[in-house]
Amino acid sequence: MSNSKVSLPVIRRLPRYFRYITELKSNGKTRVSSSQLAAVMGSTPSQVRQDFNCFGGFGQQGIGYSVDLLYDEIEHLLFPNSHIDAILIGAGSLGATMANFVLTETEGVNLKAIFDNNQNLVGKTLSNIKIHDVETVVDYCQEHKPELIIICIPKAAAEQLAPVILKSGVKGIWNFSHYDYSVYDKSLIVENVHLRDSLMALSYRINHSEDEE
């Protein structure tokens, strides 16, 4: 099946589908309808079918979808090579939280090494993973070839590190700083996560909820 032209909104919905399908599978459910999926997604049965048709369909009209088939197919779409090797830059409080999250709550991502510029942390471990000097990150990447870098450092440090990231050869960045790495290289696949923006948006919605009704 070809998915080279799948839109970003559809791609962003795949993890939500996978999360719900995983719950159904864990609960022993064997089939699910587009209406049931639409209810938890906050969309429509037509939208669900359109999303799945981008990848070949997955089901038959009138009998719904096999939970096992959906699980296998979406897992393969999200992680076609079984796993992605990743490194993390930033061993502070956010870095520690994200390292623990990746190691315990995610599928398909292997966290292999952590880097920091704090010499008091270099050589120690975080979540049982060794902390390396950030100055060695390019050498590490050239030798071990991780595909993903997780950035958990302030904006100024992230900007300063940008030339180093370009030399690393990674394909993607999960970016918790406020610096946009695509400024340097638009071919990089960057997922920017702005926690403050999300909180401010939530604050607005809470304070203006009566206006939305």
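Our structure's up above, just so we're on the same page.
In this report, the structure presented in the accompanying data block is examined. Computed from a prediction, not measured in an experiment: that's the story for all the values here.

Below, the discussion takes up the overall build of the protein. Counting secondary structure elements, the protein contains nine helices and 10 strands. Principal axes of the C-alpha set define a box for the protein whose edges measure 60 × 45 × 35 Å. Classification of the 213 residues of the protein by burial places 35% in the buried group. About 12,900 Å² of surface is accessible on the protein, with carbon and sulfur atoms providing 50% of the total. Here the protein contributes 19 positively and 24 negatively charged side chains, and the mean placements of these two sets differ by 4 Å.

Time to look at helix α7 (residues 155–168). The first and last C-alpha atoms of α7 sit 19 Å apart over 14 residues, in line with the 20 Å expected at 1.5 Å per residue. Maximal helix bending in α7 amounts to about 50 degrees, located at alanine 162; proline proline 163 follows within four positions. Among all positions of α7, only Ala158, Leu161, Ala162, Ile165 and Ser168 are buried. On its buried face, α7 is in contact with β4 (84–89), α6 (137–144), β8 (148–151) and β9 (172–175). Residue glycine 169 follows α7 closely and has a positive phi angle near 80 degrees.

Within the secondary structure, aspartate 51 sits in helix α3 (residues 45–53). Engagement of the side chain of aspartate 51 in a polar contact is seen with the side chain of glutamine 47, the distance being 2.8 Å. For aspartate 51, the contacting residues outside a window of four places in its chain are Val10, Arg13 and Tyr17.

Where helix α1 (residues 8–26) meets α3, the axes come as close as 11 Å, and the angle between the chain directions of the two elements is 105 degrees. By the angle class used here, α1 and α3 are roughly perpendicular. Contacts between α1 and α3 involve Val10, Arg13 and Tyr17 from the former and Gln47, Val48, Asp51 and Phe52 from the latter. Looking at the contact of α1 with α3, its residues break down into four nonpolar, one polar and two charged.

In the structure shown here, the tally under the stated rule is eight aromatic pairs. Pairing phenylalanine 101 with tryptophan 174 gives two aromatic rings, centres 6.3 Å apart and planes at 45 degrees, and the pair type is tilted. Here the residue phenylalanine 101 occupies a position in helix α5 (residues 93–105), and tryptophan 174 occupies one in strand β9, the gap between them amounting to 73 residues. Using a relative accessible area of 33% as the deciding quantity, one classes phenylalanine 101 as partly exposed. Of the residues examined, tryptophan 174 reaches a relative accessible area of 22% and is grouped as partly exposed. Ring-pair connections join several aromatic residues into one group, and the members of that group are Tyr17, Phe52, Phe58 and Tyr65.

Analysis parameters
Residues numbered from 1 in each chain as written. Predicted model: local features only at pLDDT ≥ 70, side-chain atom pairs only at ≥ 80, totals over all residues. Heavy atoms only, no water. Helix = DSSP H or I, 4+ residues; strand = E, 2+ residues; numbered from the N terminus. Buried < 20%, exposed > 50% of the residue type's maximum accessible area, 1.4 Å probe, protein only. Areas by Shrake-Rupley, 256 points an atom, 1.4 Å probe, with all protein chains shown as cover. Lys, Arg positive; Asp, Glu negative; His and termini not counted. Charge placed at Lys NZ, Arg CZ, Asp CG, Glu CD. Expected span 1.5 Å × (residues − 1). Bend = angle between axes of the 7 residues up to and from the residue. Contact = heavy atoms within 4.5 Å. Polar contact = N/O pair within 3.5 Å; in protein donor to acceptor, adjacent residues only side chain to side chain. Axes fitted to C-alpha atoms, helices over the stretch in contact; angles between N-to-C directions. Parallel < 35°, antiparallel > 145°, perpendicular 65-115°, else oblique. Nonpolar A, V, L, I, M, F, W, Y, C, P; charged D, E, K, R; others polar. Phe/Tyr/Trp six-rings, centres within 6.5 Å; stacked < 30°, edge-to-face > 60°.

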